[in-house]
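Listed below are the residues making up each chain.
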Amino acid sequence: MKKLAIINGPNLDRLGKREPEIYGRATLADLEAALRAEFDSVAALEFFQSNHEGALIDRIAGLADAGFHGLVINGGAFTHTSVALRDALLGSQLPAVEVHISNIYKREEFRHQSLTAPACRAVITGLGLEGYFAAVRYLLKA
């Protein structure tokens, strides 16, 4: 059974409350429950969320050391700003899929560039929470 991590960055703990017209009404807990319901029989999923860049970086390094097989990351705003997060993804040598709930290319121009995408095998944007499911399915086949 593959061990996969689902990592969420800043403000994703506010899902369901923050800009529901963009991100929907489901909470992060709702997402975690739905992913467990779908994949618990085929994958060991671990969930982590932090609003702090260093905590995300520490967790990614820990995943590599703990024998994880891959990760799904929604780095939030750090996607567009963090060279350190990009370096952590590359350094982990884990297959990663970057997920964005909204279509970043239909939003502000500064969101169009992802510093972390080149460190990932794939990027899923604009599918809502379904993007997480697609990312896990991909990693299970990788």
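In short, a report on the structure. (Residues numbered from 1 in each chain as written. Predicted model: local features only at pLDDT ≥ 70, side-chain atom pairs only at ≥ 80, totals over all residues. Heavy atoms only, no water.)

1. Description of the environment of H69
Note on placement: H69 falls in the loop between α3 (53-65) and β3 (70-74). Its relative accessible area of 37% is what places H69 among the partly exposed residues. It is 9.7 Å that separates the C-alpha atoms of H69 and Q93, two residues lying 24 residues apart in sequence. The contacts of H69, once residues within four sequence positions are left out, are M1, K2, K3, L4, L94 and P95. (Helix = DSSP H or I, 4+ residues; strand = E, 2+ residues; numbered from the N terminus. Buried < 20%, exposed > 50% of the residue type's maximum accessible area, 1.4 Å probe, protein only. Contact = heavy atoms within 4.5 Å.)

2. With respect to the sheet that holds strand β1 (residues 2-8)
Adjacent strands of a sheet form backbone hydrogen bonds with each other and so pair up, either parallel or antiparallel. Sheet architecture is open: five strands sit in the order β2-β1-β3-β4-β5, paired in parallel fashion. In this open sheet, the two strands that pair with only one neighbour each are β2 (43-49) and β5 (122-125). Averaged over all pairs of adjacent strands, the angle between their axes in this sheet comes to 20°, without regard to strand direction. Sheet analysis places β3 next to strand β4 (residues 96-100), joined by three bridges and oriented parallel. Bridging across to β4, I73 finds its partner in E98. Of the strands in this sheet, β1 and β2 touch helix α2 (residues 28-39), which is tilted by about 170° from β2. (Pairing = 2+ DSSP bridges. Axes fitted to C-alpha atoms, helices over the stretch in contact; angles between N-to-C directions.)

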